[in-house]
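Structural overview for review
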Amino acid sequence: MRQSAISYPPQWHNNLKFHSCCYKSTDSHAHLHSRPRPYLLHHRCVVISLYKASLPPKFSPSTSILLRRTRTRAGIASRVEGETEDLIQPICSSSFSSSGSHCFIPLNTMMAIDQHVLWAFFASLFGFVLLYSLRRWNCSNANKKQLKKKSFPEECAKQSFSDGESRPLEGSGTDVIIVGAGVAGAALAYTLGKDGRRVHVIERDLTEPDRIVGELLQPGGYLKLIELGLEDCVEEIDAQRVVGYALFKDGKNARLSYPLEKFHSDVAGRSFHNGRFIQRMREKAATLPNVQLEQGTVTSLLEGNGTVKGVQYKTKDGQEHKAYAPLTIVCDGCFSNLRRSLCNPKVDVPSCFVGLVLENCELPFANHGHVILADPSPILFYPISSTEVRCLVDVPGQKLPSVANGEMANYLKTVVAPQIPAELKEAFISAVDKGNIRTMPNRSMPADPLPTPGALLMGDAFNMRHPLTGGGMTVALSDIVVLQDLLKPLRDLNDAPSLSKYLESFYTLRKPVASTINTLAGALYKVFSSSPDQARKEMRQACFDYLSLGGIFSTGPVALLSGLNPRPLNLVLHFFAVAIYGVGRLLLPFPSPKGMWIGARLISSASSIIFPIIKAEGVRQMFFPATVSAYYRAPPIKQDIEKDMAEIK
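Numbering of residues starts from 1 in each chain and follows the order in which that chain's sequence is written. With pLDDT at 70 or above as the cut-off, local features in this predicted model cover only qualifying residues; side-chain atom pairs require 80 or more to be listed or tallied, and sums for whole chains, interfaces and linings still use all residues. To obtain the side-chain values, all non-hydrogen atoms of the structure were used and water was disregarded.

**Comments concerning the overall build of the protein**
- A run of H or I in DSSP counts as a helix once it spans at least four residues, and a run of E counts as a strand once it spans at least two, with each numbered from the N terminus. Summing up its helical and strand segments, the protein has 17 helices and 23 strands in all.
- To sort residues, take the accessible area from a 1.4 Å probe on protein chains only and compare it with the maximum for the residue type: under 20% means buried, over 50% means exposed, and anything in between is partly exposed. Classification of the 649 residues of the protein by burial places 51% in the buried group.
- Any two residues whose heavy atoms approach within 4.5 Å are treated as being in contact. In the protein, the share of contacts with a sequence separation of at least 24, taken over all contacts with a separation of at least 6, comes to 72%.
- Per-residue and other accessible areas were derived by the Shrake-Rupley procedure at a 1.4 Å probe size, with only the shown protein chains allowed to occlude residues. Carbon and sulfur atoms make up 55% of the accessible area of the protein, which totals about 31000 Å².

In structure tokens:
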């Protein structure tokens, strides 16, 4: 076997002795005077005998150091017999011989190099462990089990951006499919698109709608519009400011103003053509690069293992397509054909609206909605442009006089026209003669969801109330604000079961606002409609007189109606205050048996009106949402409207 020659300084020439060794275990060197601890080198094993004349005192002439190659190719230094302290400086030669390389391998160099390699190894190991640990916290499909141990949004929130917006994962497709592009669908598309979601909106007809409802936005809804950044959608459509209501009954009237003193001067109600408003919101949503609007009719939801994966739809040319997304939001209006799989629909149709447009006339109270307490049910007037006034005549029941054979025109002229204020009668008859009479069923449906992974219901597809108070758009926009706050911390929506459980809080958080407006709409319609029952007549008159008192007696109920203060407890208090006020009218100045009897029936009638509505809405969710477990699955959401309005000011 070839020997390894080692070059050394001339002064050490007589003091160093070299021996070759084979690559064997240390046991093969038993002939050595002292058995050393092995040092690790990159090449052949060499036994170096150190002579006493040239070494520090601590080394004996017989001290030997064994250098042995190992598989790690790294150097690890240790003390020889517990005494090695002094080190030798490195000296190498650039010459080579036929027998191999010539180099002296000093101990201090080996130890310095070996320590650097050792620290580099441990630093690399630590970095790997750290990166692996961080990877384990990443909110992705690979660690669903990890997510289930903690609340869904809590983990995903760690992936949210510093600006508070959530953005789609790179390379991913659609985040949200929205079925319908009406008021709710278009506003939701813009809101989610602005937050960075990739949104695919599928609407049956993208041309401008022509409807006779959804034309009055209450001040509370306008505030939500501001919060969503859509307030400019009521501009350039000839929208009219609405600052209150005017009530008419038996030749008397009462003016009720919105309590807007605490708000910015621009805050008020807005009335407009519904189609113009929707088109403005669609156009604004379409300006976002991550929002796609497509015309098509959704025929069914695509489901797998109880989870909604997307939708199947048919385009205008009749072609069938499928679209997939982690979350599908259905808001295709009151005639939705998809709601049955997502809720328990209990649709009631108490009446129908007959719509007319009055031209070139002025309302008795400018910039006010007008409610005539007529027989058999209310009549509404409000401006929808600078030259047009919408008239909605409520006709109880689902069976209407025929428009085609002239029965409807005759009904409007003979039954309705005599009860209309003189200032509007001529324009009303003229509109009837023009023949442009439209009808629309008034539907009410309490929210009764079936939580389904991958899907959510919103808008009139989910919850409806009588349109007498014009609260539908306010509820829809309020729901969008709640949903936006819920989805904003979430980056990845692909964990459908966890997302569905988390979004159950949506149905609870929306309840106080939505239930207040729903209950008030249903209760007012029944109170304002005429009835042969004497107790109901007294309740109707008491309501008109109570609101006519002014002060808190009018501002309180109007704040509820307008969405500025949608508190369920305030609603119940004012409603029974009206009933008690009616009883007081019957008992003063002196109570009579008949008055007491009618008063008792009045209280009973009031209870029979409001309690069934509250029961349908859900007593616990409406009045005590904090007792519902789903309430705590969501991050804190601002629910004090007065505080929100203060921020807007």
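**Digging into the pattern of salt bridges**
- Salt bridge, as used here, is a side-chain nitrogen of Lys or Arg placed within 4 Å of a carboxyl oxygen of Asp or Glu. Summed over the entire model, instances satisfying the criterion amount to 17 salt bridges.
- Because the salt bridges share partners, they merge into one network encompassing Glu538, Asp545 and Arg585.

**Description of the side chain of Asn565**
- For Asn565, the location among the structural elements is in the loop between α13 (552-561) and α14 (568-587).
- According to the relative accessible area criterion, Asn565 is buried, its value standing at 17%.
- Among the polar contacts made by the side chain of Asn565, one reaches the side chain of Arg567 at a distance of 2.7 Å.
- Apart from residues no more than four positions distant in its own chain, Asn565 is found in contact with Ala559, Leu560 and Asn570. Throughout this description, a polar contact denotes any pair of N or O atoms lying within 3.5 Å of each other; where both atoms belong to protein, one of them has to be capable of donating a hydrogen while the other can accept it, and for residues adjacent in sequence the pair is counted only when both atoms sit in side chains.

**Section: the packing of aromatic side chains**
- Aromatic rings from Phe, Tyr and Trp, with only the six-membered ring used for Trp, were paired whenever their centres fell within 6.5 Å, and each pair was classed as stacked if the ring planes differed by under 30 degrees, edge-to-face if by over 60, and tilted otherwise. Summed over the entire model, instances satisfying the criterion amount to 10 aromatic pairs.
- Judged by centre distance (4.6 Å) and plane angle (25°), the rings of Phe272 and Phe277 are stacked. You'll find Phe272 and Phe277 in the same group, each marked buried.
- Ring centres of Phe575 and Phe576 lie 5.8 Å apart, and the angle between their planes is 85°; on these two criteria the pair is classed as edge-to-face.
- For Phe575, a relative accessible area of 9% corresponds to the buried category.

**Here's the deal with unusual backbone geometry**
- Residue Pro376 is reached from Asp375 by a cis peptide bond, and omega for that bond is 15°.
- Relative to the helices and strands, Pro376 resides in the loop between β19 (369-372) and β20 (379-383).
- The backbone of Asn360 shows a phi angle near 50°, a positive value even though the residue is not glycine.
- Note that Asn360 resides in the loop between β18 (348-359) and β19.

**Quick notes on the sheet that holds strand β13 (residues 269-271)**
- Each pair of strands is called paired provided DSSP finds at least two bridges between the two strands. Strand order in the open sheet formed by three strands is β9-β13-β10, with antiparallel pairing between adjacent strands. Each end of this open sheet is capped by a strand with a single partner; those strands are β9 (216-217) and β10 (240-242).
- Both β10 and β13 contribute to a ladder of three bridges, which runs antiparallel. Each bridged residue has a counterpart across the sheet, and for Arg241 the counterpart in β13 is Arg270.

**What to know about the packing of helix α11 (residues 511-528) against helix α12 (residues 534-548)**
- In the contact formed by α11 and α12, the axes pass within 8 Å of each other and the chain directions differ by 110°. As far as their axial angle goes, α12 and α11 are roughly perpendicular. On α12, the residues touching Leu524, Lys526, Val527 and Phe528 of α11 are Arg536, Met539, Arg540 and Cys543.
- Each residue belonging to the contact of α11 with α12 can be placed in one class, and the counts come to five nonpolar, no polar and three charged. Structural elements are reduced to axes, namely lines fitted to C-alpha atoms, with helices fitted over the stretch in contact, and the angle between N-to-C directions of any two is expressed from 0 to 180 degrees. Should an angle fall under 35 degrees it is taken as roughly parallel, and over 145 as roughly antiparallel, whereas 65 to 115 is taken as roughly perpendicular and any remaining angle as oblique. Each residue gets one label: Ala, Val, Leu, Ile, Met, Phe, Trp, Tyr, Cys and Pro are nonpolar, Asp, Glu, Lys and Arg are charged, and the others, such as Gly, are polar.

**A short note on empty space enclosed by the protein**
- Buried and open spaces are told apart on a 1 Å grid over the protein atoms alone, a cavity being a set of points where a 1.4 Å probe fits but cannot get out and a pocket being an open set with protein on both sides within 12 Å along at least five of seven lines. Residues with an atom within 4 Å of a point are the lining residues. Grid points are joined across faces, edges and corners, and a volume is the space filled by probe spheres set on the points. Per the stated rule, a full pass over the model turns up seven cavities of 30 Å³ or more.
- Estimated volume of the largest cavity: approximately 310 Å³.
- In terms of lining, the largest cavity is formed by 21 residues, of which the most central are Leu520, Leu524, Phe528, Leu547 and Pro557.
- Going through the elements one at a time, β11 (244-249), α11, α12, α13 and α14 are the ones with two or more residues in the lining of the largest cavity.

**Considerations on α11**
- By this rule, a helix spans an expected 1.5 Å times one less than how many residues it contains. The end-to-end C-alpha distance of α11, which contains 18 residues, comes to 25 Å, matching closely the 26 Å that a straight helix rising 1.5 Å per residue would cover.
- With 17 of 18 residues buried, α11 lies mostly within the body of the structure.

**Points about the nonpolar core**
- Buried Ala, Val, Leu, Ile, Met, Phe, Trp, Tyr and Cys residues that are joined via side-chain atoms within 4.5 Å together make up what is termed a nonpolar core. Counting residues in hydrophobic clusters, the biggest one holds 69 residues, and the most contacted among them are Phe277, Val311, Ile329, Leu483 and Leu487.
- Here this core gets nine residues from one element, more than from any other, and that element is helix α9 (residues 472-487).

**Considerations on the environment of Ser592**
- For Ser592, the position within the fold is in the loop between α14 and α15 (593-617).
- Its relative accessible area of 29% is what places Ser592 among the partly exposed residues.
- Side-chain polar atoms of Ser592 contact the backbone nitrogen of Gly595, separated by 3.0 Å.

**A word on the pairing of strand β15 (residues 307-315)**
- Sheet analysis places strand β14 (residues 291-304) next to β15, joined by eight bridges and oriented antiparallel. Its bridge partner being in β15, Ser300 is matched across the sheet by Gln312.
- The hairpin turn running from β14 into β15, its antiparallel successor, is two residues long, and Asn305 in that turn takes a positive phi close to 55°.
- Sheet analysis places β15 next to strand β16 (residues 320-324), joined by five bridges and oriented antiparallel. Bridging from a neighbouring strand, Gln312 pairs with Lys322 of β16.
- The turn joining β15 and β16, which pair antiparallel and follow one another in sequence, is formed by four residues; a positive phi near 90° is taken by Gly318.

**Comments concerning helix α7 (residues 407-416)**
- Three or more residues of α7 are buried, namely Met408, Tyr411, Leu412 and Val416. Taken around the axis of α7, the buried residues stretch over an arc of 95°, which confines them to a single face.
- Those residues of α7 that are buried are in contact with β18, β20, β21 (388-396) and α8 (422-434). This arc is taken over the directions from the axis of the helix to the C-beta atoms.

**Focus: the sheet that holds strand β22 (residues 438-444)**
- One open sheet holds the seven strands; their spatial order is β12-β11-β19-β20-β21-β18-β22, and the pairing between them is mixed. Every other strand in the sheet has two partners, leaving β12 (252-257) and β22 as the edge strands with one partner each. Ignoring which end each strand starts from, the neighbouring axes of this sheet average 20° apart.
- Looking at chain direction, β11 and β19 are connected through four bridges and run parallel. When the bridges of β19 are listed, Ala246 appears paired with His370.
- On the sheet, α12 packs against β11 and β12 and is oriented at approximately 135° with respect to β11.

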